[in-house]
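Notes for the structure review
If you want the building blocks of each chain, they are given just below.
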Amino acid sequence: MDQSQKQALGALQPFIHLANSSTTHSARFIANIITNATSAPNTFIFAELLETQAVQSLALPDTPEEYQSYLKLLEIFAWGSWEEYHATPNLPALSEAQALKLRLLSLLTLSTTHNPLTYPIVMKSLSLKDHVELESLVTKAIYSSLITARLSPTTTPPTINVISVASLRDVRPQAIDGMISILTEWHERCQKAVEGIEAEINTIKADAAKRRAMEKDRAYRFEKSEGGWHGDDDKEGEGGSGSKESRPRKSLSKEGSLGGTAANAARRLFGGGSSSKGNKREFHATGGYSGNGQDSMEVDPSTLPRSMKVKLEAQNVC
């Protein structure tokens, strides 16, 4: 509830108190309450006064006819308009204060139902004679905080540019069912929108969880690869060959090792050979090799390497 509504309700409270103070008030007394309430400068909402038992008693058959119309007059001030007042017969005459009040209330309704709100529309709806009366009424509404607007008299047609309107009109009872239907439809649309948003949020969360799991798995594999892990297993000894340390390593044979290769070369160079029978060859001091049943090969000692010469000299000494 905004400040204007609080102020309007506060201004109406004395009249509500008078109407509820006794149940034996005469119809004339209730009519006077209605007249004073609709003439007060700060009263703009009348639903609470209209709902009191004293005011509703004016609709009883035993109420004098001259006072029954005051109930309809209060209804027009609550949710009606200036045009409706003039279209309804047998209503009480309005004082100057009541006429100004009803025009101001009707201006609120026009401001919400017409866009743009032109001078001709307002003058016709409120029975205003000229632009001066119209601009005076709009200025009064602005200073009473009923509307926020700007006058544009030089445009074609002249326009009242309404920015905001105070919520100071009561709801007509016949319009409540329509409002409930509109609000129900709006609620259903909002509910569907919320469900769609929640479904989208759940999808985003699920995708984020999958991405986190994939990133965690990549980080785990990266750490394992840095530590020498080359397989696809996540744990050592489970469903695979295990870690690098658990794999069997190939051993090098004596012949395939570096030492074995060097030994073979030395045997070939210095006369060693295979221990197989029939293939043994000996190196003689005469500078040649001899074998079993094979011709010896003569070698010129001067062409031998230094290491061979040292060996030959050692054999000659022996």
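Predicted model only: the values in this text are computed from it and were never measured.

Calculation notes
Residues numbered from 1 in each chain as written. Predicted model: local features only at pLDDT ≥ 70, side-chain atom pairs only at ≥ 80, totals over all residues. Heavy atoms only, no water. Helix = DSSP H or I, 4+ residues; strand = E, 2+ residues; numbered from the N terminus. Buried < 20%, exposed > 50% of the residue type's maximum accessible area, 1.4 Å probe, protein only. Areas by Shrake-Rupley, 256 points an atom, 1.4 Å probe, with all protein chains shown as cover. Salt bridge = Lys/Arg side-chain N within 4 Å of Asp/Glu carboxyl O. Expected span 1.5 Å × (residues − 1). pLDDT = per-residue confidence, 0-100. Pairing = 2+ DSSP bridges. Contact = heavy atoms within 4.5 Å. Axes fitted to C-alpha atoms, helices over the stretch in contact; angles between N-to-C directions. Patch = residues over 30% accessible without salt bridge, like charges linked within 9 Å, V, L, I, M, F, W, Y side chains within 5 Å. Phe/Tyr/Trp six-rings, centres within 6.5 Å; stacked < 30°, edge-to-face > 60°. Lys NZ or Arg CZ within 6 Å of the ring centre and 35° of its normal.

Moving on: the overall build of the protein chain. Of the regular secondary structure elements, the protein chain holds 12 helices and 6 strands. The buried share of the protein chain, taken over its 318 residues, is 28%. Only carbon and sulfur atoms are counted for the fraction: they give 54% of the accessible area of the protein chain, which is about 21,300 Å².

Now for the pattern of salt bridges. Where charged atoms of side chains with opposite charge meet at close range, the side chains can pair. Per the counting criterion, the structure on display carries 4 salt bridges. The shortest N-O distance in the salt bridge between Lys72 and Glu84 comes to 3.8 Å. Of this pair, Lys72 sits in helix α5 (residues 65-79) while Glu84 sits in helix α6 (residues 82-87), and the two are 12 residues apart along the sequence. On the basis of relative accessibility, which here comes to 31%, the residue Lys72 falls in the partly exposed class.

A word on helix α7 (residues 96-113). The terminal C-alpha atoms of α7 lie 26 Å apart, and with 18 residues this matches the ideal 26 Å at 1.5 Å per residue to within 8%. Buried within α7 we find Gln98, Ala99, Lys101, Leu102, Arg103, Leu104, Leu105, Ser106, Leu107, Leu108, Leu110 and Ser111.

Predicted confidence across the protein chain gives a mean pLDDT of 80, with 71% of residues reaching 70 or more. No element of the protein chain has a lower mean pLDDT than strand β5 (residues 288-291), at 48, and none a higher one than helix α8 (residues 119-126), at 96.

Attention now goes to the sheet that holds strand β3 (residues 159-165). Here we have 3 strands laid out as an open sheet, ordered β1-β3-β2, and antiparallel in their pairing. Pairing within the sheet leaves two strands with one partner each, and these edge strands are β1 (117-118) and β2 (147-152). Across 2 bridges, the pairing between β1 and β3 is antiparallel. Residue pairing across strands places Thr118 opposite Thr159, the latter belonging to β3. This element, helix α9 (residues 131-143), spans β2 and β3 of the sheet and lies at about 150° to β2.

This part takes up a nonpolar patch on the surface. A cluster of nonpolar side chains, namely Val171, Ile176, Met179 and Ile180, defines an oily patch on the protein surface of about 330 Å² accessible area. Inspection of the secondary structure assignment puts Ile176 in helix α10 (residues 176-226).

Once that is clear, we can look at the packing of aromatic side chains. Scanning the model with the defined rule gives 3 aromatic pairs in all. Aromatic pair Tyr67 and Tyr70: ring centres 6.3 Å apart, planes at 35°, arrangement tilted. Taken together, the residues span about one helical turn, with Tyr67 and Tyr70 both in helix α5 at a distance of 3 residues. Owing to a relative accessible area of 16%, Tyr67 belongs among the buried residues under this scheme. In this arrangement the basic side chain of Lys101 is found over the ring face of Phe44, its NZ or CZ atom lying 5.2 Å from the centre. Above the face of the Trp82 ring, Arg103 is positioned so that its terminal group lies 4.0 Å from the ring centre.

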